[in-house]
Amino acid sequence: MKAVLLGATRGMGRAVARLMAERGDSLFLLGRDEEQLNISARDLELRGAAKPVEAAACDLSNPETFAAALDSAAEALEGFDTVVVTAGLFDTQDRLEEDAQATEALLTADFTNTVLFCEEARKRLLAAGGGTLCVFSSVAGERGRKPIVLYGAAKAGLSAYLEGLDHKFRAEGLKTVCVKPGFVTTGMTAGLKPPPFSASAEQVAPVVLRAIDRGKPEVYAPAVWRYVMYAIRKLPRCVMRRIKF
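The rules behind these values
- Residues numbered from 1 in each chain as written.
- Predicted model: local features only at pLDDT ≥ 70, side-chain atom pairs only at ≥ 80, totals over all residues.
- Heavy atoms only, no water.
- Salt bridge = Lys/Arg side-chain N within 4 Å of Asp/Glu carboxyl O.
- Helix = DSSP H or I, 4+ residues; strand = E, 2+ residues; numbered from the N terminus.
- Buried < 20%, exposed > 50% of the residue type's maximum accessible area, 1.4 Å probe, protein only.
- Expected span 1.5 Å × (residues − 1).
- Bend = angle between axes of the 7 residues up to and from the residue.
- Polar contact = N/O pair within 3.5 Å; in protein donor to acceptor, adjacent residues only side chain to side chain.
- Pairing = 2+ DSSP bridges.
- Axes fitted to C-alpha atoms, helices over the stretch in contact; angles between N-to-C directions.
- Contact = heavy atoms within 4.5 Å.

1. Here we look at the pattern of salt bridges
Thought 1: For the structure on display, the rule yields 16 salt bridges.
Thought 2: The partner of Arg124 in a salt bridge is Asp71, with the nearest N and O atoms 3.0 Å apart. Placement of Arg124 in helix α5 (residues 100-127) and of Asp71 in helix α3 (residues 66-77) is noted, with a sequence separation of 53 residues between them.
Thought 3: Classification of Arg124 by relative accessible area gives partly exposed; the value is 21%.
Thought 4: Residue class for Asp71 comes out partly exposed when judged on its relative accessible area of 42%.
Thought 5: Asp91 is paired through a salt bridge with Arg95; the nearest N and O atoms lie 2.4 Å apart.
Thought 6: Given a relative accessible area of 39%, Arg95 falls into the partly exposed group.
Thought 7: Where salt bridges share partners, they join Glu142, Lys180, Glu218, Arg226 and Arg233 into one cluster.

2. Focus on α5
Thought 1: Compared with the 40 Å implied by 1.5 Å per residue over 28 residues, the 39 Å span of α5 between its first and last C-alpha is a close match.
Thought 2: In α5, a bend of some 40 degrees at Thr108 exceeds every other bend along the element.
Thought 3: Near the N-terminus of α5, the side chain that reaches the backbone nitrogen of Gln101, with its oxygen 3.0 Å away, is that of Asp99.
Thought 4: Directly after α5, the chain includes Gly129, whose backbone phi takes a positive value near 105 degrees.

3. Quick notes on the sheet that holds strand β5 (residues 131-136)
Thought 1: Spatial strand order, β3-β2-β1-β4-β5-β6-β9: seven strands in an open sheet with parallel pairing. Looking along the sheet, the strands with just one partner apiece sit at the ends: β3 (50-57) and β9 (218-221). Direction aside, the axes of adjacent strands within the sheet are offset by 15 degrees on average.
Thought 2: Of the pairings in the sheet, the one linking strand β2 (residues 26-31) to β3 comprises five bridges and is parallel in character. From the neighbouring strand, Ser26 faces β3, where its bridge partner is Ala50.
Thought 3: Along the sheet face, α3 touches β1 (2-6), β2 and β3 and points at about 160 degrees away from the line of β2.
Thought 4: Packing against the sheet, α5 makes contact with β1, β2, β4 (82-85), β5 and β6 (174-181), and its axis sits at approximately 170 degrees to β5.

Pasting the structure below:
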């Protein structure tokens with residue numbers, strides 16, 4: 001596999017990248033922190049990734065960096081067949097309600113700019129005959145809920161976009177994989193009380209990699225969240241207004 005990863009310097013992205021490295025995949029890293037990119041690249045080489053693991057600057061808050069970053073990846077890897085997007089922002093509902101700038105940044109990064117990056121990746125994958133686009137959304141987008149009104153709205157839009165891509169381009173060779181993690185204990189969620197069925201990035205990563213290998217259009221990680229969210233979607237509004245979940 002020749003994979004480009006946006007967001008692989010920490011959390012779930014790093015855990016997935018390490019599994020890919022251990023089986024000898026060719027990897028190219030994208031991100032905004034040059035120091036962390038270099039540290040992660042050397043770490044992945046030591047774990048078995050095809051050398052060299054190179055990197056390029058790509059800032060999810062700046063769409064002008066997307067095309068050049070993907071072009072650099074294509075040149076270094078001599079073409080790529082997989083793109084994995086784990087980058088994104090998270091903040092609590094309370095803080096977002098109080099900070100309009102934080103809200104704008106989150107909505108822009110997690111929906112608009114993620115879609116713009118995916119469009120750049122989609123064009124390149126299709127031009128090469130197809131491939132896999134794996135993007136991390138969230139179970140937060142499954143239904144409007146009190147604790148995650150704004151974050152959930154961004155992820156709902158992203159999930160809908162990815163489903164649409166799968167419907168339109170699967171027959172042309174583009175396999176779109178929408179990952180819907182539940183609560184994962186990473187730096188992004190530090191300080192928050194883990195709910196039931198929470199998992200670590202290392203527990204989520206193997207589930208995601210299997211989905212990438214199989215081209216599975218939708219994957220819940222851990223798998224129990226498929227059933228949890230099925231039940232939540234069936235609850236009437238009068239119940240949803242009363243519960244805190």
